[in-house]
Amino acid sequence: MTPELVGQPMNTICSPVAKSVELEEPIRAELFGVERLEQHAASLAVAQVVSDDARVGRLLTPRVLDNKRVLVESYQAIARTIRDEKAITPADEWFVDNFHIVDEQLREIIDDLPPGYYRQLPKLASGPLQNYPRVFGVAWAFVAHTDSRFDPEMLRRFVMAYQRVQPLTIGELWAVAISLRVVLVENLRRLAERIVHSRKARLEADELADSLFGSGSLAAEIPASALRRFESNPLATAFAVRLVRRLRDLDPKVRPVLRWLDERLVAQGTTADDMVHTEHQQQAAMSVTVRNIITSMRLTSAFDWSEFFESVSPIDTILRTDPRYTEMDFVTRDMYRHAIEDLSRGSGLSEIEVTTRVVTRARRAEGEPHMRKQPERERHMDPGYYLISQGRRAFERELGYRVSWKERLLRWYVRGAAPSYLGSLAVGTTMVLAVPLWYAAETGVTVAGLVCLGLIAFIPASDLAMALINRTVMAILGPRSLPRMALRDGIPKELRTIVVVPTLLTSRQGIDEQIERLEVHYLANSDDDLRFALLSDWRDASSESMPGDAELLASAVERIAHLNKRYGPAAGGGAPFRAVAPQAGLERIRARLDGVGAETRQTP
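Keep in mind that what you see is a predicted model, and the values were worked out from it rather than measured. (Residues numbered from 1 in each chain as written. Predicted model: local features only at pLDDT ≥ 70, side-chain atom pairs only at ≥ 80, totals over all residues. Heavy atoms only, no water.)

Novice: Report on the packing of aromatic side chains, specifying residues and quantitative values.
Specialist: How two aromatic rings sit relative to each other is set out by the distance from centre to centre and by the angle between their planes. Across all of its chains, the model carries 17 aromatic pairs by this definition. When the ring of W305 is compared with that of F308, the centres are 5.4 Å apart and the planes differ by 85 degrees; the resulting orientation is edge-to-face. One end of the pair is W305 and the other is F308, both in helix α17 (residues 305-312) and three residues apart, which spans about a single turn. W305 gets classed as buried once you look at its relative accessible area, which sits at 12%. Ring geometry for Y385 and Y386: centres 5.1 Å apart, planes at 90 degrees, overall edge-to-face. Given a relative accessible area of 13%, Y385 falls into the buried group. The exposure class assigned to Y386 is buried, which follows from its relative accessible area of 3%. In this structure an aromatic cluster arises from ring pairing among F150, F303, W305 and F308. Of note, R36 hangs over the ring of F32, and the distance from its end group to the ring centre comes to 4.3 Å. (Phe/Tyr/Trp six-rings, centres within 6.5 Å; stacked < 30°, edge-to-face > 60°. Helix = DSSP H or I, 4+ residues; strand = E, 2+ residues; numbered from the N terminus. Buried < 20%, exposed > 50% of the residue type's maximum accessible area, 1.4 Å probe, protein only. Lys NZ or Arg CZ within 6 Å of the ring centre and 35° of its normal.)

In structure tokens:
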């Protein structure tokens, strides 16, 4: 990364000595157009070298927290200036008026930057941002060469150009958003420090002018005495410009002060006019940058980062060669990507290599002779079969995946779920009972008394152990979503589906309630290729038919016909509602449902 891009290296910005000596330069470099930005991304990808050990690195959280402190203090200082009815610059006004956006960004950054996730990101091995995440350097370059202006299309082209030379990992692409926010906050902190520093310099100039004129509560001071305390350090631009404005065209007694000021500025290699011109330029540039940062913060919060991720991810580009992948919903696609990340870390292969292998393995399944049944062949032709389903173990062996001892223990526990759970419950109950029984034994309770005490406490102890085990299992395993299809354009004809709701025909009131629920399901999921049916059955009885059964069935059929009449036939043809008559025996019910499903698929 080039020095002009960085402004001031990150390995010095945390130094209190550097902070006390000079202000940090804003993250601002030469402004690039989109083509030049793509060229810079390619050169940056060549220059950045990644460390072999991703676990070694500097945390961003301490710097973010320090940025928050500085920004809050700057906001309070500018607010006091406004309360005292003193003039502020346009940059000050932008910062104060939109500080609620800054505060919200800081909270989101702190919440979205877990150390575990941060440690997995590849770190830079050299350069000004050494030991910081590589994606942080990418975001820094984009902010520097766009003057903190967030343009989604420019960012997409910048990241794509970078990846043509050096692909980013899945975790890094997800971290682009948080890295961009961190850099924007860092840049705003640097500008806020300059704003406050300039404000202090202008106040010092006002105090000097007041002391020379004897205005306000200050008595007139001899110029030589007043100027002595400013001899040792170079004059700040804001101080000099403010002093020039206060002293020009005033009493002749201040002319020696103007000569002193001109001599000091000449010694610094400039003039009063140049200082005024420079101050105007700096204020204009600072106002534009602060405005860009605030606007970018607002836009990044509203931007759809999941869509951005999938548009720049090389993993998605490979997976989309399988049409099934594009038909799935986002959660399912994300499950595939998490599996690829895990396989990459455990096998030592890159994520692109793992993705290429799983897609190739799925294509190879189409020509395997032992897969004669169409459903089985289609399952093996889906990459998800090898990533999150039954083909995972075999695919792990192909990749040389190394299973950690924690994961191996968890798999063993899940494989024997029933005995593992019951064994855990027995051990937990024993541990809960052990403490009070041991204490009772120490107090001299007999064996018979201990047995009675154990029998009495067994139920509450088992309840406590069960609650603890359930909480532990849920914390380790967590909820898992089933793979789903997005069906963005509705259910296609080849996937025409019928939803069958089983019910017992007990009374006319019960039938009315079931029909009403079926109608609600239809209204909430109206689709021409989605049908609904009631699978009815009788209550247990001593004979095959009972008095009143025929009337109840006729009532159900009549209500279903009334619904079909109300909502009319589906656009594809056929009635949206059906009633499936009672069938005795599970096999006959299953055969009846198979027939209904086949009939539904064949309906025009």
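Novice: Tell me about the pattern of salt bridges, and name the residues and values.
Specialist: Scanning the model with the defined rule gives 33 salt bridges in all. Put simply, D151 and R149 hold a salt bridge, and the shortest N to O gap is 3.8 Å. R333 is paired through a salt bridge with E310; the nearest N and O atoms lie 2.8 Å apart. Of the two residues, R333 sits in helix α20 (residues 330-347) while E310 sits in helix α17, which places them 23 residues apart along the sequence. (Salt bridge = Lys/Arg side-chain N within 4 Å of Asp/Glu carboxyl O.)

Novice: Report on the pairing of strand β1 (residues 497-504), specifying residues and quantitative values.
Specialist: Pairing of β1 with strand β2 (residues 530-537) involves eight bridges; the strand directions are parallel. The residue bridging I498 from the neighbouring strand is R531, located in β2. In terms of handedness, the path from β1 via helix α28 (residues 508-524) over to β2 forms a crossover that is right-handed. (Pairing = 2+ DSSP bridges. Right-handed = clockwise from strand over helix to strand, strands pointing away.)

Novice: Now, about the packing of α28 against helix α29 (residues 549-567): what can you tell me, with residues and values included?
Specialist: Put simply, α28 and α29 touch, their axes get as near as 10 Å, and they point 25 degrees apart. Considering their axes alone, α28 and α29 lie roughly parallel with respect to each other. Handedness of the crossing formed by α28 with α29: right-handed. Contacts between α28 and α29 involve R508, I511, D512, I515, L518, E519, Y522 and L523 from the first element and E551, L552, S555, A556, R559, I560, L563, R566 and Y567 from the second. Among the residues making up the contact of α28 with α29, the classes are represented as ten nonpolar, one polar and six charged. (Axes fitted to C-alpha atoms, helices over the stretch in contact; angles between N-to-C directions. Parallel < 35°, antiparallel > 145°, perpendicular 65-115°, else oblique. Left-handed = near helix turned anticlockwise from the far one by under 90°. Contact = heavy atoms within 4.5 Å. Nonpolar A, V, L, I, M, F, W, Y, C, P; charged D, E, K, R; others polar.)

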